[in-house]
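Breakdown of the fold
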Amino acid sequence: MGEIAADTHLMKIGYVRVSDHDQTENLQLDALKQAGCDVIYSDHGVSGSITERKGLNDVLSLLQDGDTLLVWKIDRLGRSTAHLLLLLDDLRQRGVDFVAVTQGIDTTTAIGRMIFAQLAVFAEFEREQIRERTKAGMAAAKARGIHIGRPRKLTDQQIAYARALIAAKESTITAMAKKYGVAPQTLSRWVCLPDKI
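Summary of the structure given here. A quick note: this is a predicted structure, and the numbers were derived from the prediction, not measured. (Residues numbered from 1 in each chain as written. Predicted model: local features only at pLDDT ≥ 70, side-chain atom pairs only at ≥ 80, totals over all residues. Heavy atoms only, no water.)

**So, helix H1 (residues 26-34)**
Where we set the bar: For the exposure calls, accessible area comes from a 1.4 Å probe over protein chains only, and a residue counts as buried if that area is under 20% of its type's maximum, exposed if over 50%, partly exposed in between. Here a helix means four or more residues in a row that DSSP labels H or I, a strand means two or more in a row labelled E, and each is numbered from the N terminus. Working note: the arc is built from the helix axis to C-beta atom directions. Contact between two residues is taken to exist if any of their heavy atoms lie within 4.5 Å; hydrogens are not considered.
Here H1 has its buried residues at Gln28, Leu29, Ala31 and Leu32. The buried side chains of H1 occupy one side of the element, clustering within an arc of 165° when seen end-on. Exposed side of H1, more than 90 degrees from the buried face: Leu27, Lys33 and Gln34 are the residues found there. Here the buried face of H1 lies against strand S1 (12-18), strand S2 (39-44) and strand S3 (68-71). Trailing H1 by a residue or two, Gly36 shows a phi angle of about 90°, which is positive.

**Let's talk about the pairing of S1**
For clarity, the threshold we go by: Any two strands with at least two DSSP bridges between them are considered paired.
Taken across its seven residues, S1 has six buried, putting it largely inside the fold. As paired elements, S1 and S3 share four bridges and run parallel to each other. Among the inter-strand pairings, Tyr15 is bridged to a residue of S3, identified as Val71. Relative to S2, S1 runs parallel, the two sharing six bridges. Within S2, the position partnered with Tyr15 by the bridge is Tyr41.

So this is what it looks like as structure tokens:
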């Protein structure tokens, strides 16, 4: 397992996952080998609810346009419907076919492609839901006074102190930026906009 065939174009790549260390992969491996997989990757003792998995990440980075990803059952990819939808839509957009060998899901067929297209609609809906939840969460955090985005490089006190010295002509933006270890442009953005603190 994990050995890549010499010709990596138009490959059948299998993925196996068992969530319990005591479970065996043999049933899945036998089915994928019989389906003609060139290479098979696995995650052993890893829950399907975990989206970041080494074996799965390796498979996804290997897959190319025209390849086919094969699994024993669709739930081997993951337990979360949202994660599955987004994952399958990513495969579709990359031109990668998908086969769940024991469930009759095969996007190399006309019916399979139709199912893939329907899944894409649901995946787009899920992406919209995620965007809306993210925007709502950011708005709620902002309303509570929580800073959104990258952490600020300067504190309110540093900005006020720099502003006072520069206004009194006791220092320059360049000198204060050097003192604080930031670019002059970063400091000037804050010093020149009094409503920023």
